[in-house]
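Residue strings, one per chain:
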Amino acid sequence: MALYGAFFSGLSGMHGTSQAIASAADNITNSNTVGYKASSVSFKTMVTGSSSKNNYISGGVQIVNRKLVDYQGMIQSTGVVSDIAVSGKGMIVVNSRNDGTGDFLFTRAGSFRQDNLGNFVNAAGHTLMAWQLDNEGRIPGEPGNINTISNALLDSLTPVNLRSLSGAVAATTKVDFSMNLDAGERVLQGAGQTIRIPSTSTQNSAVNMSDILVPNANLPIGATLKINDAANTYTYTYGGLSYSNDVTLGIMGATNATQVFTTGLTNGDKFTISTSNLGTLTYTFTTSTPDVTSGYFNNLATLAQAISNTQGMTARVQNNRLWVSPIDANDNMTFANVGAATMVGSLGLFNVAASAPAILGDGVVTSEDITATPMFGQNTAAGVFVGPTAGVDTLTITTPSGGTSTFTFNSPPGAGQFESLSTLATAINATAGLNANILNGRLSISSDTYTDTITFGYTGTDFPTTLGLADATALPGNVQRFTTLQGLRTMINDTDTIAATTVSSSSANASLYIYNKNPLGIIMYDYGYPLPNATTNPLTEFGLVRNVDTLASNTDLAKGVATIAPTGPAYDPLGITADNMAGGDVVPQFSRNFEVYDPLGARHDFRISFVKVATNVWAAEIYALDPDDIVISSGRTDGMVAYGNITFNGDGSLRNVTSQLTAPITLTWTNGAIASTINLDLGTAGLPAGTVGATVIGLRDGLSQVHADYNVQFVEQNGVSAALLSTIDIDGSGYIIANYSNGLSQKLFQIPLGEFPNYDGLAAKDGNVYASNQEAGAFNLRKPNSGSVGTLQSNALEQANVELADELTKLVVAQRGYEANTQIIKTVNELLRELNRLFT
C-alpha cells in the first residue's frame, strides 16, 4: 500500500535531516578548532520500485557525508614560532608516540609546543615528525648523507626534539644503548673459493649443476678433493658412475649418438636402473619419436635425455659414450634387462656399488692399454692372441659373492672361452656377478657387489700379469663420492663447519661457492691420490687454488703446486685496511650513529655497527666516522676505537659482552682537546632467567636479540655542545633553524608535507588527525613548495574552514525539513485511522 511507503519515506527524511543537523552542529562546535576540516552532508534519492501513470511507489532519501579536508582554512598570525600553518595542499606528519614508534598520522593542526622530554607536540598530544639533517644540511637518503634510508619512507622521519642542543659545555663520558638486533638475521658468510670449471676442460666446461662430470686427466675416477677448515678435513671422491661402449664401434646398429638403434631390438623392449634411494627406474625403447620425459628412447642421445629427466639421475653423451650416475653418487646402481632384450650387455654398462674399492676408487680393475702395450702379439681388442695353448690356458676370477669363474683360451671361442681381449670381455659379461668393458684399449672388470675383492688366477699363461690386472680391496664405507656439482654441494652441506651455495646453475657458467661457515675462520683446498701423474689434479679441473697451511710431507711436495696462504677469514676486526666494518669491506647488517662531545665542546660522530657471526653471537665495532678526529695507533686508518663479540641467551636477553667493549675507551683528539674516557652501557649481561644458581640474570634493558625488526629505543650520551641554543626559526621550506648564543645558526630538521591524490578520502581520527587509507591513495613525502604541496608559515595557524553563517543556515533548513517529515508521518497516521473505521 502506498500509504505505508509514504510512512517510511517520512522516517527516512527525518533520519537524513537529523544527520544534517548533527553535521552542522559538529562544524559549529569546532569552528574555533585549529586546522579543523568541516563536514558536508548531501542527500541522494532512494527508489524502491517502478512507478507509472496509474501507480506510484514512494522511496526515501540517503545521506552522503563528505569531509572537506582539501578546503583551505584562513591563516591567522599567532606570534608563536612553533605554530605552523600550511598554505596550500599538504599535510603535516605527526606520530602518536613521542619517540616516533607509534602510528604515523597527518594533520593541519600545527599548534606545537615542547613537552617535558623536549619533543614538539600539538594540542592533541601528537609529535611533530621531520627529516633530521646531517652537518651538511642533507636530508636522509641524499648523496653524502650517512643515513641512507630513503626520504620517501616514513621511517626516514624522526621526532623534532631540540633539548639536547641546549645547555653548558660538557664532555661525553657515557653512552647508553637500547636497541634490538633481529634474531632472524642470517650469519655472515665465511671465506671460500668458487668452483668454476675452466674452458680448457674439453669434457666438462659446459656442464650445469646436475650434469654428470666425465673423467679426464685432471679428474680420473678415484680422484679426491679435500677441504679443510683448520680443525676438520673433509674428503670427497670422484666416482660412482657407469659408462657405455664407444658408439662409433657400433651399439645395436648405431655408430653415432643420434642414429636410431635397429639391431636386436623390438619396439617396447625395456631395461631398468635400480638404486637404494630411487628404487627401480624403467626405460623403454620405441621406434617412433620418443617422449624422453616419460622414459622412452630410440638412440644414445635420447636415452641420456630420458635418464636425466628422471628425478635423482643424471646422464649425458660425451666422447661417444653414455655416462650415467645417480645425483647421489654414494648410492648403488644396478642395471637389468626386462624380458629378452640384452640392452645392458649391448650398452656395456656395469654396476656400481655404494662403497668404493681401492683400485681407482670405483671397484673396477683395469688392464694395460692394448694399443700402447701389445698383448700376446696383438694391439687391437679384436686381434686373436698368439702364444696361449688352446684348451689348456685359463684365467680365473674369484670374488667372495660369486666364487671362482674360469675362462679358457680357444679359437674360435665357445661358451666361457675367449681368443682376444674383446671376446674375453664378452665371456666375463656372460658370467653372473661379473662385468667387463673395453674402453680406450683397456679391459675393465668389476663385480656386481662393490664391497667384493677381485682375485685373479690362471693355469698355463699368466693372464693377470700379461694383462696388468691386480687384486682390488674395498675402501672404508664412509667414502663420500660425487659425480655432479649438485651431488658435491649436497654432501658439503651435510657437514657442520663448511657449506656450499650455487653461484650459477647455467650450462655456460655453472659454479659453486664453497666456504667456511665461521666468518672468523679460514678454509683450505687440497687433493689426494691416486692421479695419473704429479702435474694433474682435480683442483685444476675445478678452478680452485691449493692453499694448504703447511707442507706436511714429501707427498705434498710431489704435487708440484705452490703453497699459498689459506683463504680467509671473511671477517677480521683487526684488519687494518680490510675485512672489517670500519674499513668498509664488510657491510654491517645494522648500524647506528651517535655523537660524542670532547672537552672543548666539539661534536664528533661515531658509529656502532653489527654483523652476525654465529647463532646468537654478533660482532660489534665502534669507529669514528671521520678517522681524522682521533689519534689512531698501530697504523690504522679506519677510525676503529673498540670491537668485540656480543652473545645473547636463547630468550633474547644479553648473555656476554667481550671485555674490549666493556672496558673504558680512551679517545685522543686531534683538535687539541684533552683525551676523553668513554664508557659504553650495552645492558645487563647474565644467564637466562630461571637458571639455577645464577648470580646475574641477563636482561633486555640495553641490547636485545628477538625475532623482530631492528629497532632503536634510544642512544643517549651525556655530553653537551659548547654553544647554547638561543632561539629557533621555521622558514617557508620547512627548515627548523637553531640560533645559538655564539651567533651561529644551523638547519637541524626539515618538515615534510604528506601529499595525497584524494585528501577528502582520508580517515578522520580523534585529535584532529587523519590516517592514510586506500580511498585517499598512495602518499608521497614532499619538501614544502615542491610538487603539488604548498609552503609552511611559522608564527601562524590555519583556522577551521567552517563558514559559521552557512552552518547556521543549514541548521535552519534541516530543522524545517525535519518538521515537514514529521508532518508526513502525522498525515499518514490519520489516513490509516480513517481506513480502520471503515471496518469497525
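Quantities reported herein were computed from a predicted structural model and do not represent experimental measurements.

A. Structural view of the pairing of strand β33 (residues 590-597). Relative to strand β34 (residues 603-614), β33 runs antiparallel, the two being bridged by eight bridges. When the sheet's bridge partners are listed, Phe-590 is paired in β34 with Phe-610. The antiparallel pairing of β33 with β34 creates a hairpin that spans five residues between the two strands, and Gly-601 there sits at a positive phi of about 90°.

B. Quick peek at the sheet that holds β34. With antiparallel pairing, the five strands of this open sheet are ordered in space as β33-β34-β35-β36-β37. The open sheet has two edge strands, β33 and β37 (654-657), and neither has a second partner. Taking each pair of neighbouring strands and ignoring which way they run, the sheet shows an average axis angle of 25°. Alignment of β34 against strand β35 (residues 617-624), held across eight bridges, turns out to be antiparallel. Each residue of the ladder has a partner; that of Val-611, found in β35, is Ala-619.

C. A look at the pattern of salt bridges. The tally for this structure, following the rule as stated, stands at nine salt bridges. Across the pair Arg-113 and Asp-83 runs a salt bridge whose closest N-O atoms are separated by 2.6 Å. On the criterion of sequence distance, the pair formed by Arg-113 in strand β7 (residues 113-114) and Asp-83 in the loop between β3 (75-77) and β4 (84-87) is long-range, its members being 30 residues apart. We note a salt bridge from Asp-526 to Arg-546, for which the minimum N-O separation is 2.8 Å. In this pair, Asp-526 is assigned in strand β32 (residues 524-528) and Arg-546 in the loop between α7 (538-542) and α8 (554-558), connecting sequence segments 20 residues apart.

D. Broad picture of the packing of aromatic side chains. As enumerated under the stated definition, the model contains 19 aromatic pairs in all. Ring geometry for Phe-285 against Phe-297: centres 6.1 Å apart, planes inclined by 65°, an arrangement best described as edge-to-face. With Phe-285 in strand β17 (residues 279-285) and Phe-297 in strand β18 (residues 296-297), this residue pair connects regions lying twelve residues apart in the sequence. With respect to burial, Phe-285 and Phe-297 carry one shared label: buried. Residues Phe-756 and Tyr-759 carry aromatic rings whose centres are separated by 6.0 Å and whose planes lie at 75° to one another, so their mutual orientation is edge-to-face.

E. Seen up close, empty space enclosed by the protein. Tallied over the entire structure, the rule returns two cavities of 30 Å³ or more. Of the volumes computed, that of the largest cavity is approximately 50 Å³. Forming the boundary of the largest cavity are Phe-594, Val-596, Phe-606, Ile-622, Val-641, Ile-665, Leu-667, Ile-678 and Leu-680. Residue assignment for the lining of the largest cavity shows that the elements contributing at least two residues are β33, β38 (665-667) and β39 (676-681).

F. Fine view of unusual backbone geometry. Cis geometry is adopted by the peptide bond preceding Pro-412, which originates at Ser-411 and carries an omega value of 0°. Along the polypeptide, Pro-412 turns up in the loop between β24 (403-409) and β25 (417-418). Look at the link from Gly-568 to Pro-569: it is a cis peptide, with omega at -5°. When you line up the elements, Pro-569 lands in the loop between α8 and β33. Even without being glycine, Ala-230 reaches a positive phi, approximately 85°. Relative to the helices and strands, Ala-230 is located in the loop between β13 (224-228) and β14 (233-238). The backbone of Asn-616 sits at a positive phi, close to 65°, despite the residue not being glycine. Residue class for Asn-616 comes out partly exposed when judged on its relative accessible area of 25%.

G. Focus on the confidence of the model for the protein. Confidence in the prediction of the protein, expressed as mean pLDDT, is 82, and 84% of residues score 70 or more. Confidence drops under a pLDDT of 50 for residues 461-475, and excluding neighbours within four residues, the segment shows 57 contacts in the predicted structure. Throughout residues 551-555 the model reports pLDDT below 50, and contacts reaching past four residues in sequence, or to other chains, amount to five contacts.

H. Summary view of the sheet that holds strand β31 (residues 511-516). Across the sheet, which stays open at both edges, the three strands sit in the order β12-β31-β30 with antiparallel pairing between neighbours. Two strands bound the open sheet, and with one partner strand each, they are β12 (192-196) and β30 (498-504). Each strand axis lies, on average, 20° off the axis of its neighbour in the sheet, ignoring direction. The sheet strands contacting helix α6 (residues 485-492) are β12, β30 and β31, and the helix crosses β30 at an angle near 150°.

I. Examining the environment of Arg-196 more closely. Relative to the helices and strands, Arg-196 is located in strand β12. On the basis of relative accessibility, which here comes to 40%, the residue Arg-196 falls in the partly exposed class. Sequence spacing of Arg-196 and Val-503 is 307 residues, and the spatial spacing of their C-alpha atoms is 9.5 Å.

What counts and what doesn't
- Residues numbered from 1 in each chain as written.
- Predicted model: local features only at pLDDT ≥ 70, side-chain atom pairs only at ≥ 80, totals over all residues.
- Heavy atoms only, no water.
- Pairing = 2+ DSSP bridges.
- Helix = DSSP H or I, 4+ residues; strand = E, 2+ residues; numbered from the N terminus.
- Axes fitted to C-alpha atoms, helices over the stretch in contact; angles between N-to-C directions.
- Salt bridge = Lys/Arg side-chain N within 4 Å of Asp/Glu carboxyl O.
- Phe/Tyr/Trp six-rings, centres within 6.5 Å; stacked < 30°, edge-to-face > 60°.
- Buried < 20%, exposed > 50% of the residue type's maximum accessible area, 1.4 Å probe, protein only.
- 1 Å grid on protein atoms, 1.4 Å probe; cavity = no way out; pocket = protein on both sides within 12 Å on 5 of 7 lines; lining within 4 Å.
- Points joined across faces, edges and corners; volume = space filled by probe spheres on them.
- pLDDT = per-residue confidence, 0-100.
- Contact = heavy atoms within 4.5 Å.

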